[in-house]
Amino acid sequence: DALPIYCNRGTVNAKLNKPYDAIEDCSNAIKLDDTYLKPYLRRAQSYTDTEQHEEAVRDYDKVYQSEKTKEHKQLLKNAQLELKKSKRKDYYRILGVDKNASEDDIKKAYRKRALMHHPDRHSGATTDVQKEEEKKFKEVGEAFTILSDPKKKARYDSGQDLEEEGMNMGDFDANNIFKAFFGGGPGGFSFEASGPGNFFFQFG
């Protein structure tokens, strides 16, 4: 009987950190018997590991519809949360840091990216470029606001912010964040070109 062979091999591949092979083995096991739930659970975990969240939700939903246990309900809920998290803005990617970045890393990344996308730096660019850079500048400010605040960061990491209306980011100002970070008062910071593509920063 090939079914246990595929199931066992899927488990081994998952443990060997070969999620794509595990998915293939579990899919073969399911083709042989789509009522056996173990390969669905194993495949769902491998889908999560490879960030294929919609597929993971589909598998966990199949398991929960077949056996409505508390554990299966929780697995489905977790997968649905991961799917939601994957569709929102990735603040770590926006700042170019990984999820284990220190407070210092986050500050350095904000400094670099805020200067890179600051609207004054692109005042001579086309309207489209200006709009794109302004959007990036705002996103960088938004990312810094969340990731530099331990409470907000914890809520973001756990996905709680998706369930809380209080995390609405519509009420912040990227320019104010920039000024607070760089310590310049209104008009106290300016970009000046010192030749093509070169910029130096002046603090008034």
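Just above sits the structure.
Just so we're clear, the structure is a prediction, and the values are computed from it rather than from any experiment.

Caption draft 1: Inspection of helix α5 (residues 70-87) at higher detail. Here α5 spans 26 Å end to end across 18 residues, near enough to the 26 Å set by a 1.5 Å rise per residue. Among the residues of α5, those classed as buried are His72, Leu76, Ala79, Leu83 and Lys85. Contacts from the buried residues of α5 go to α3 (38-49), α4 (53-66) and α9 (150-158).

Caption draft 2: Structural view of the side chain of Thr145. Mapped onto the fold, Thr145 is located in helix α8 (residues 127-147). Looking at Thr145, the relative accessible area reads 17%, which means it is buried. One polar contact links the side chain of Thr145 to the main-chain carbonyl oxygen of Gly141, over a distance of 2.8 Å.

Caption draft 3: Examining the side chain of Asp59 more closely. Its place among the elements puts Asp59 in helix α4. For Asp59, the contacting residues outside a window of four places in its chain are Tyr40, Arg43, Ala44 and Tyr47.

Caption draft 4: Structural view of unusual backbone geometry. The phi dihedral of Asn17 falls on the positive side, at around 60°, and the residue is not glycine. With respect to the helices, strands and loops of the structure, Asn17 is situated in the loop between α1 (2-15) and α2 (19-32). The exposed category is assigned to Asn17, whose relative accessible area is 66%. Even without being a glycine, Glu51 presents a positive backbone phi close to 60°. Along the chain, Glu51 falls in the loop between α3 and α4. For Glu51, a relative accessible area of 64% gives the class exposed.

Caption draft 5: How the structure looks around the environment of Phe144. Counting through the fold element by element, Phe144 comes out in helix α8. Phe144 sits 35 residues away from Ala109 along the chain, and the two C-alpha atoms are 8.9 Å apart. Setting aside residues up to four positions removed in sequence, Phe144 forms contacts with Leu95, Ile106, Lys107, Tyr110, Ile177 and Phe181.

Caption draft 6: Structural view of the pattern of salt bridges. On inspection of all chains with the given rule, the structure shows eight salt bridges. For Arg9, the salt bridge is made with Asp25, and the minimal N-O distance between the two is 2.7 Å. Note that Arg9 is positioned in helix α1 and Asp25 in helix α2, a separation of 16 residues in sequence. Since its relative accessible area comes to 43%, Arg9 is described here as partly exposed. The partner of Asp59 in a salt bridge is Arg43, and the shortest N-O contact between them spans 2.7 Å. With Asp59 in helix α4 and Arg43 in helix α3, this pair connects stretches of sequence that are 16 residues apart. Arg43 matches Asp59 in its accessibility class, with the two residues each being buried.

About the criteria used
- Residues numbered from 1 in each chain as written.
- Predicted model: local features only at pLDDT ≥ 70, side-chain atom pairs only at ≥ 80, totals over all residues.
- Heavy atoms only, no water.
- Helix = DSSP H or I, 4+ residues; strand = E, 2+ residues; numbered from the N terminus.
- Expected span 1.5 Å × (residues − 1).
- Buried < 20%, exposed > 50% of the residue type's maximum accessible area, 1.4 Å probe, protein only.
- Contact = heavy atoms within 4.5 Å.
- Polar contact = N/O pair within 3.5 Å; in protein donor to acceptor, adjacent residues only side chain to side chain.
- Salt bridge = Lys/Arg side-chain N within 4 Å of Asp/Glu carboxyl O.

All we've got here are geometric facts, nothing functional implied.
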